[in-house]
Number of protein chains: 2
Amino acid sequence: MQPNFTVAEENHIKAIYHLQQLSGKVFTNDLAAALETRPASVTDMLKKLKAKKILHYEPYQGFYLNSEGKKIALGIIRKHRLWEYFLVEKLHFGWDEVHEVAEQLEHINSKKLIDKLDAFLDYPRFDPHGDPIPDSNGKMAAQQQVNLTQLDVNQQAEICAVASQARGLLELLKHSNIGIGTKLEIKRRFGFDQSVEITIKNQQTMMLSHQVAQALFVKII
Amino acid sequence: MQPNFTVAEENHIKAIYHLQQLSGKVFTNDLAAALETRPASVTDMLKKLKAKKILHYEPYQGFYLNSEGKKIALGIIRKHRLWEYFLVEKLHFGWDEVHEVAEQLEHINSKKLIDKLDAFLDYPRFDPHGDPIPDSNGKMAAQQQVNLTQLDVNQQAEICAVASQARGLLELLKHSNIGIGTKLEIKRRFGFDQSVEITIKNQQTMMLSHQVAQALFVKII
DNA sequence: TAAAAAATTTAGATTTGTCTAAATTCATTT
DNA sequence: AAATGAATTTAGACAAATCTAAATTTTTTA
């Protein structure tokens, strides 16, 4: 039987998972920044997660979830993404307003609930941001997505995921009429600041900063 | 703006609300028993709720929610019962297995979520146990229900609510094939232990103890 | 490679929610 | 009306999750 984890522990586990996907190993300051907490608080939590045997951790040397820890992280991510799908598809939330609520719902503890929710939603494979939803065994589809910064001029693409959940970004995108499913074409690149000019829906032209372009993942059409 | 309440505070508020519905005033030991906690812990919490101005409380004299407190309690009850309805109607949970999950879901904090859920469920007025669901203003339909202990011999009735959420009771009822909607007739009463003999669905006859009968609410047919 | 800077951990404190044991207050009863 | 007993509160403790400030370790750099 899996031990129970507190909400604080689960939040740390999920954030470690996402960070270690990028580079394999995670460091105290980065995790503290991601969780908007302090490095000292992270250290405290690392000791607890190590004691619960889900984390490789040597003081000063970084840390990462072991396979048990990754399983737990995938369970939380499964819940988060299924709830997001539910909120958008059934309750008609906008895709940009589900994150906060899903952050709460992901901590509800009931395997039966989540498996029945999965069935009710007809086993969706991607959430409203285009991220794959793990199945009840932790398996999920690969993202076949390309970062917008990697496209060539004149290439056409459709946005299928927004990588960052940062509040300001979602506002900017909404203001610019950019969302999941938006079709666009790369018009020009500026080496100076790595910004990019795009046309959306074959009419409106706009500039995106490198930071914004980096957060956008697309399928090439 | 309503202040935020912790999960522990919300659990106390809800339990106080239910107890004060019975007799107007609530006492420390009773609340401790209802929450399966200790009287000293209850006293601590009472001070916090009084400081937040939602509770009338004089040491040693009992306590009760003021109108602000009742509003908050009704908000929690609204969430609990809407989620129960969702679990039974949409996810096909049994009516007797939703309580624990709803106890968690009732603490999710998002007015938008709960109002959208309400709309999605088409504004149900009663939960799967027959209890009325408060609307977004805290109004709810009256229960037109009678306790099974109050029926006369030969009266027929239909079960529409189970008052106690106690685990053992639900098991007993399930075992005995008694649930919401079960039609029954009072056959005999025994003054000795106040037990009652009933026939369900015009065939199976059984005895119910006073404790069980007290937990059952019915509509007279 | 020694000093400075950065990253991390430790030490000690705070808040929340709980507990036990002891003290206090209230109610009952002779 | 004093004594007993029940109910309640107070006092003091603890675990979880956080924090700040100081100490330590690692990394960088001059």
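Keep in mind the model is a prediction, meaning the values are calculated, not measured.

### Notes on the pattern of salt bridges
Alright, step 1. Applying the stated criterion across every chain yields a total of 22 salt bridges over all chains.
Alright, step 2. Residue D118(A) is joined to R78(A) by a salt bridge in which the shortest nitrogen-to-oxygen separation is 3.1 Å. Of this pair, D118(A) sits in helix 6 (residues 111-120) while R78(A) sits in helix 4 (residues 67-89), and the two are 40 residues apart along the sequence. Both residues of the pair, D118(A) and R78(A), belong to the buried class.
Alright, step 3. As a salt-bridge pair, E68(B) and K71(B) come within 3.8 Å of each other at their nearest N and O atoms.

### A word on the interface of chain A and chain B
One frequent convention defines the size of an interface as the accessible area lost when the parts assemble.
Alright, step 1. With 20 residues of chain A in contact, the opposing surface of chain B contributes 20 residues.
Alright, step 2. Counting each side, the surface lost to burial between chain A and chain B is near 1,700 Å², with a carbon and sulfur contribution of 72%.
Alright, step 3. For the chain A face of the interface with chain B, the top three residues by lost area are L91(A), Q104(A) and K116(A), together amounting to 28%.
Alright, step 4. On the surface where chain A and chain B come into contact, there are 2 salt bridges.
Alright, step 5. A salt bridge links K112(A) to E97(B); the shortest N-O distance between them is 2.8 Å.
Alright, step 6. Summed over the shared surface of chain A and chain B, the number is 8 residue pairs in polar contact (both at pLDDT 80 or more).
Alright, step 7. Breaking the side of chain A that touches chain B down by element, the ones donating at least two residues are helix 4, helix 5 (99-105) and helix 6 of chain A.
Alright, step 8. Looking at the side of chain A that touches chain B, the element that brings in the most residues is helix 6 of chain A, giving 5 residues.

### Considerations on the relation of the copies chain A and chain B
Alright, step 1. Mapping chain A onto chain B leaves a residual RMSD of 0.2 Å; the transformation is a rotation of 180° accompanied by 0.0 Å of translation along its axis. Each copy turns onto its partner about a two-fold axis. When C-alpha distances to the rotation axis are compared across chain A, the minimum falls at L105(A), with a value of 3.9 Å.

### Topic: the protein's contact with DNA strand C
Alright, step 1. The immediate surroundings of DNA strand C are formed by 22 residues, with N29(A), Y57(A), T6(B), T37(B) and S41(B) found nearest.
Alright, step 2. For DNA strand C, the backbone portion of the atoms within 4 Å of the protein, that is sugar and phosphate, comes to 74%.
Alright, step 3. At 2.7 Å, a backbone N or O of N29(A) approaches a phosphate oxygen of DNA strand C.
Alright, step 4. T43(A) places a side-chain nitrogen or oxygen 2.8 Å from a phosphate oxygen of DNA strand C.
Alright, step 5. Contributing elements (two or more residues each) for the surface near DNA strand C: helix 2 (28-35) and helix 3 (39-51) of chain A together with helix 1 (7-23) and helix 3 (39-51) of chain B.
Alright, step 6. Element by element, the count of residues in the surface near DNA strand C is highest for helix 3 of chain B, at 5 residues.
Alright, step 7. Taken together, the residues that form the surface near DNA strand C break down as 10 nonpolar, 8 polar and 4 charged.

### Section: the protein's contact with DNA strand D
Alright, step 1. Lining the immediate surroundings of DNA strand D are 22 residues, of which T6(A), T37(A), S41(A), N29(B) and Y57(B) lie closest.
Alright, step 2. Counting only atoms of DNA strand D within 4 Å of the protein, the sugar-phosphate share comes to 74%.
Alright, step 3. Here T37(A) contributes a side-chain N or O atom positioned 2.7 Å from a phosphate oxygen of DNA strand D.
Alright, step 4. In the model, a phosphate oxygen of DNA strand D is placed 2.3 Å from a nitrogen or oxygen of the S41(A) side chain.

### Considerations on helix 1 (residues 7-23) of chain A
All names here are of chain A.
Alright, step 1. End to end, helix 1 covers 25 Å across 17 residues, agreeing with the expected 24 Å (1.5 Å per residue, within 8%).
Alright, step 2. Within the span of helix 1, buried status applies to E9, E10, H12, I13, K14, A15, I16, Y17, L19 and Q20.
Alright, step 3. Each element contacted by the buried residues of helix 1 is listed here: helix 2, helix 3, strand 1 (55-57), strand 2 (63-65), helix 4 and helix 5.
Alright, step 4. A positive backbone phi angle near 85° is found at G24, which sits one or two residues after helix 1.

### Focus: the packing of helix 2 of chain A against helix 3 of chain A
All names here are of chain A.
Alright, step 1. Packing of helix 2 against helix 3 brings their axes to within 8 Å, and their N-to-C directions diverge by 105°. In this view, helix 2 runs roughly perpendicular relative to helix 3, as classed from their interaxial angle. Of helix 3, the residues touching helix 2 (which contributes T28, N29, L31 and A32) are P39, V42, T43 and L46.
Alright, step 2. Looking at the contact of helix 2 with helix 3, its residues break down into 5 nonpolar, 3 polar and no charged.

### Section: the domain arrangement of chain A
Alright, step 1. Per the domain assignment, the segments of chain A are domain 1 (7-65) and domain 2 (146-220).
Alright, step 2. Of note, the centres of domain 1 of chain A and domain 2 of chain A, computed from C-alpha atoms alone, are 31 Å apart.

### Description of the sheet that holds strand 8 (residues 216-220) of chain B
Alright, step 1. An order of 3-8-4-5-6-7 (chain B) is seen for the 6 strands of this open sheet, with the pairing classed as antiparallel. A strand with exactly one partner marks an edge of an open sheet, and here the two such strands are strand 3 (146-147) and strand 7 (204-208) of chain B.

Criteria and cut-off values
Residues numbered from 1 in each chain as written. Chains lettered and ligands numbered in written order. Predicted model: local features only at pLDDT ≥ 70, side-chain atom pairs only at ≥ 80, totals over all residues. Heavy atoms only, no water. Salt bridge = Lys/Arg side-chain N within 4 Å of Asp/Glu carboxyl O. Helix = DSSP H or I, 4+ residues; strand = E, 2+ residues; numbered from the N terminus. Buried < 20%, exposed > 50% of the residue type's maximum accessible area, 1.4 Å probe, protein only. Contact = heavy atoms within 4.5 Å. Buried area = accessible area lost by both parts, 1.4 Å probe. Polar contact = N/O pair within 3.5 Å; in protein donor to acceptor, adjacent residues only side chain to side chain. Least-squares fit on C-alpha atoms with pLDDT ≥ 70 in both. Near = heavy atom within 4 Å. Nonpolar A, V, L, I, M, F, W, Y, C, P; charged D, E, K, R; others polar. Expected span 1.5 Å × (residues − 1). Axes fitted to C-alpha atoms, helices over the stretch in contact; angles between N-to-C directions. Parallel < 35°, antiparallel > 145°, perpendicular 65-115°, else oblique. Domains from an automatic or database assignment. Pairing = 2+ DSSP bridges.

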